[in-house]
Amino acid sequence: MKILVPVKRVVDYNVKVRVKADQSGVELANVKMAMNPFDEIAIEEAVRLKEAGVASEVVAVSCGVPACQETLRAALAIGADRAVLVTSVVELQPLAVAKILKAIVEKEAPSLVILGKQAIDDDANQVGQMLAALLDWPQATFASKVEASDGQVRVTREIDGGLETLAMPLPAVITTDLRLNEPRYATLPNIMKAKKKPLETVAGESLGVDLAPRLTTLKVVEPPSRKAGILVADVAQLVDKLKNEAQVL
Amino acid sequence: MTTLVIAEHDNASLRSTTRNAITAARRLDGEVHVLVAGGGCSAACEAAAGIEGVDKVLCADQPACTDQGAEALASLVVAMVKAGTVAYTHILAPASTFGKNVTPRVAALLDVAQVSDVVAIEDANTYVRPIYAGNALATVRSDDGIQVLTVRTTAFDAAADGAAAPVEAVSIEAAAGGSSLVGRQLTESARPELGAAKTIVSGGRGLGNGDNFQALLEPLADRLGAALGASRAAVDAGFVPNDYQVGQTGKIVAPQLYVAVGISGAIQHLAGMKDSKVIVAINKDPEAPIFQVADYGLVGDLFDVVPQLTAALG
Ligand SMILES: Cc1cc2nc3c(=O)[nH]c(=O)nc-3n(C[C@H](O)[C@H](O)[C@H](O)COP(=O)(O)OP(=O)(O)OC[C@H]3O[C@@H](n4cnc5c(N)ncnc54)[C@H](O)[C@@H]3O)c2cc1C
Ligand SMILES: Nc1ncnc2c1ncn2[C@@H]1O[C@H](COP(=O)(O)O)[C@@H](O)[C@H]1O
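It should be emphasised that the depicted structure is a prediction, and the values quoted were computed from it without experimental measurement. (Residues numbered from 1 in each chain as written. Chains lettered and ligands numbered in written order. Predicted model: local features only at pLDDT ≥ 70, side-chain atom pairs only at ≥ 80, totals over all residues. Heavy atoms only, no water.)

Details of the site of ligand 2
Residue and element names in this part refer to chain A.
Alright, step 1. Ligand 2 sits among 18 residues. The nearest are Asp-39, Cys-63, Ala-119, Asn-125 and Gln-126.
Alright, step 2. Interatomic distance of 2.8 Å between a backbone N/O atom of Asn-125 and an oxygen atom of ligand 2.
Alright, step 3. Bound to the protein, ligand 2 loses 98% of the 480 Å² it would expose on its own.
Alright, step 4. A per-element tally of the shell around ligand 2 places strand β4 (residues 57-64) first, with 3 residues.
Alright, step 5. For the shell around ligand 2, the residue count by class is 9 nonpolar, 6 polar and 3 charged. (Near = heavy atom within 4 Å. Polar contact = N/O pair within 3.5 Å; in protein donor to acceptor, adjacent residues only side chain to side chain. Areas by Shrake-Rupley, 256 points an atom, 1.4 Å probe, with all protein chains shown as cover. Helix = DSSP H or I, 4+ residues; strand = E, 2+ residues; numbered from the N terminus. Nonpolar A, V, L, I, M, F, W, Y, C, P; charged D, E, K, R; others polar.)

Listed below in structure tokens is the structure:
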């Protein structure tokens, strides 16, 4: 079976972003970019399913600016077989990404789509569920364990109260949580090999789907900052402060 | 204007997140209807009908909804909206794993955007939400005909009891979902729920292992009547179950008192707890970033400090 893995290019998780002075967004110039960490987990899972003989091909897809190619090359270096870049001149919001992915799914006919549960820039946590809805496929979000066999997949999900296990017929959509796996580091030979793997570019506007943003950002501001408190000398002083100053005991 | 709140419940009782969502719904003008979809959920329906500000409870007690799968619930909500008996303007659920699972499906089927993790409602189509692990707050406007939102529970108080709203059975049937429930392993705990706790004791990698986590933090949490939380590193290392994780991609909490023990204070962790009223940090590294947000920091070895603190509270 074929697995499709959408990967997003985002600000590296180590970067603490700054809000632009004109409040139009966050400063992205000269900021380190990387693959969304949940998408690395998604690629890793797909590659493991291929290594286990369950999957036959892993296709990575990224939607956005031409620089998303780097993200796709990173996915190819982990072990994806080929990549699709969908370019767009407009800002892509989750619903538009889901529509693009639906069009790609219709072309590629994968049995499984594995996405990240959330992109760490917009923190939306929407695209996987939206894609599943548009395709009328079952979904298992926040996966910490995936057992796929012919025609079926069993997924353990991280939920607020603990864990939940679902069984789904294929085709289906899965979104990854942190505990699903630990992505491998791409080795130098694999990075070199990735440069030769096929990467196809598609214009988003050619897919015949509505990409128009639905949400308008009116302003982006810094959150109120906490003022740093004090260091206490010992436990006795801590307890005294909590009782008499903060009055939380 | 009428808002439909999708209730989170376990058939027998409502989760407190539903009460936070109802408070958010009341910030919008117009009526508040609460959909309780489940199997054998009449007790949860009754509970919803008693909450202040609720105008009507819609009770969908159907086999297809028993396991509250996303496919079934989304199909039901969309069918109710399309039936048009009530012209819903807003659909709202808590930004819990439950809400996050269901509402984007609803939004996509209605061909509208979703606004996730709303922390403030400015008017009927303008909302504030954190982005980039809470390092920025965006004000966004949606021009879609129906507004689908998930709301951050820590940003809205839990609505209290104080109403006797009518309960109506939903005659529309949910479509059976493609996924089926195999089982649930819920973490049993006598402690308060993380999301609703007044005090939280949270542990990180500094605890070293699960036995230390238990031996040191359980007695402290007992003394404080606190819930237990953890950093991602502590969960990944298997000290505690996944549902303890506080942070950008775990639970968002805002208790009166948050005690961080052996946690460095990575931005992803801070994203989940920096709205706590009082933060205490115990860490042996004076440079740990957690001290930049802590009201009271204690530099020291947690293996000495925590037992002392537990004893001092005795
Ligand atoms: C996509 C993504 C999502 C993430 N989501 C989350 C999330 O939701 N929540 C989250 O918490 N993290 C999250 N993280 C991880 C985050 O970046 C950090 O790695 C994590 O929070 C670190 O956990 P920690 O503070 O326990 O461990 P460390 O950073 O290793 O810190 C351990 C601390 O313990 C102290 N210590 C050690 N021994 C002692 C002792 N004897 N006495 C006192 N102090 C001691 C050390 O000084 C150190 O400060 C995420 C990361 C990514 C990439
Ligand atoms: N522009 C994009 N290109 C490819 N995949 C994306 C894009 N945006 C989101 N995704 C996928 O959808 C997941 C959830 O994103 P979001 O709903 O935006 O939080 C991500 O982890 C990716 O797998």
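Examining the environment of Leu-137 of chain B
Alright, step 1. Positionally, Leu-137 of chain B belongs in strand β8 (residues 136-142).
Alright, step 2. With residues up to four places along the chain from it excluded, the contact list for Leu-137 of chain B reads Lys-219, Val-220, Val-221, Pro-223 and Pro-224 of chain A together with Val-119, Val-128, Arg-129 and Pro-130 of chain B. (Contact = heavy atoms within 4.5 Å.)

Let's talk about the nonpolar core
Alright, step 1. Leu-35, Leu-76 and Ile-91 of chain B are the most contacted members of the largest nonpolar core, which totals 59 residues.
Alright, step 2. Not counting residues up to four positions away in its chain, the partners in contact with Ile-91 of chain B are Leu-4, Ile-6, Val-77, Val-81, Val-106, Leu-110, Ile-146, Gln-147, Val-148 and Leu-149 of chain B.
Alright, step 3. Ranked by size, the runner-up nonpolar core spans 43 residues in total, among them Val-11 of chain A together with Ile-22, Cys-45 and Val-151 of chain B. (Core = buried A, V, L, I, M, F, W, Y, C linked by side-chain atoms within 4.5 Å. Buried < 20%, exposed > 50% of the residue type's maximum accessible area, 1.4 Å probe, protein only.)

Topic: the site of ligand 1
Alright, step 1. Taken together, the neighbourhood of ligand 1 is formed by 28 residues, with Arg-205, Ser-231, Gln-245, Ser-264 and Gln-268 of chain B sitting nearest.
Alright, step 2. Close to ligand 1, residues of chains A and B are found.
Alright, step 3. Contact between ligand 1 and Val-246 of chain B: a nitrogen atom at 2.8 Å from a main-chain N or O atom of the residue.
Alright, step 4. Mapped onto the shell around ligand 1, the elements with two or more residues apiece are α1 (37-51) of chain A together with α6 (232-236), α7 (267-273) and α8 (302-312) of chain B.
Alright, step 5. Considering only residue class, the shell around ligand 1 consists of 9 nonpolar, 14 polar and 5 charged.

Structural notes on unusual backbone geometry
Residues and elements named next belong to chain A.
Alright, step 1. With an omega dihedral of 0°, the bond running from Leu-170 to Pro-171 counts as a cis peptide bond.
Alright, step 2. Mapped onto the elements of the fold, Pro-171 is located in the loop between β9 (162-169) and β10 (172-176).
Alright, step 3. Of note in this structure, Asn-30 is not a glycine but carries a positive phi near 60°.
Alright, step 4. Mapped onto the elements, Asn-30 comes out in the loop between β2 (9-11) and β3 (33-35).
Alright, step 5. Owing to a relative accessible area of 84%, Asn-30 belongs among the exposed residues under this scheme.

A closer look at the sheet that holds β10 of chain A
Alright, step 1. In space, the 10 strands of this open sheet follow the order β11(A)-β5(A)-β4(A)-β1(A)-β6(A)-β10(A)-β7(A)-β8(A)-β9(A)-β11(B), with mixed pairing throughout. If you trace the sheet from one side to the other, it starts and ends with β11 (199-203) of chain A together with β11 (180-186) of chain B, each paired once. Neighbour-to-neighbour, the strand axes of the sheet open up by a mean angle of 25°, direction not taken into account.
Alright, step 2. Of the pairings in the sheet, the one linking β9 of chain A to β11 of chain B comprises 6 bridges and is antiparallel in character. Following the sheet pairing, Gly-162 of chain A is matched in β11 of chain B by Leu-186 of chain B.
Alright, step 3. Against the sheet, helix α4 (residues 97-110) of chain B contacts β7 (139-149) and β8 (152-159) of chain A, and its axis sits at roughly 85° relative to β7 of chain A. (Pairing = 2+ DSSP bridges. Axes fitted to C-alpha atoms, helices over the stretch in contact; angles between N-to-C directions.)

These values are about where atoms sit, not about what they do.
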